[in-house]
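Summary of structural features
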Amino acid sequence: MQLKGKHNSKLTLYARELRKNMTKQEKHLWYDFLRLYPVKILRQKTIGYFIADFYCAGAKLVIEIDGSQHFTKDGKQYDSEREDVMRNLGIKTVRYTNNDIDRQFAAVCNDIDVNIKNRLR
């Protein structure tokens, strides 16, 4: 799968809707950490046929915030396939649960910071 090529306008429109309707945890991470991070991070970024919650192109890092749908059999299968595609594109995915954002926000922010800095080296 290529990052460039045919533009999927439906996916782009859906990503725009997701940006307007972020979850409580996504809003918290975006407004209280990622928005002002010194390396550019995008919200609800289309990558191939997928939409990443957050994407740092400079570090080739996807940041996902997982709600309950990610823990179902279908959700786990979808996430696994998606991570394989991302890995083949040289993109690393880091995942945090809604609970992580709610209860360990500083640790999540620190982990994201470490991942970005390590990938920028």
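Structure report, in brief. (Residues numbered from 1 in each chain as written. Predicted model: local features only at pLDDT ≥ 70, side-chain atom pairs only at ≥ 80, totals over all residues. Heavy atoms only, no water.)

So, on to the pairing of strand S1 (residues 42-47). Strand direction decides the pairing type here: S1 and strand S2 (residues 50-56), joined by five bridges, are antiparallel. Bridge pairing in S2 places Lys 45 opposite Ala 52. Taking the residues between adjacent antiparallel strands as the criterion, S1 and S2 are bridged by two residues, where Gly 48 takes a positive phi near 60°. (Pairing = 2+ DSSP bridges. Helix = DSSP H or I, 4+ residues; strand = E, 2+ residues; numbered from the N terminus.)

The subject of this paragraph is the nonpolar core. The biggest cluster of nonpolar side chains holds 20 residues, and the ones touching the most others in it are Leu 29, Leu 34, Ile 41, Phe 54, Ile 63, Ile 112 and Ile 116. For this core, the secondary structure elements donating two or more residues are helix H2 (24-32), S2, strand S3 (61-66), strand S4 (92-97) and helix H5 (105-120). Top element by residues in this core is H5. It accounts for five residues. Counting residues in hydrophobic clusters, the runner-up holds nine residues, among them Ala 52, Val 62, Val 85 and Leu 89. (Core = buried A, V, L, I, M, F, W, Y, C linked by side-chain atoms within 4.5 Å. Buried < 20%, exposed > 50% of the residue type's maximum accessible area, 1.4 Å probe, protein only.)

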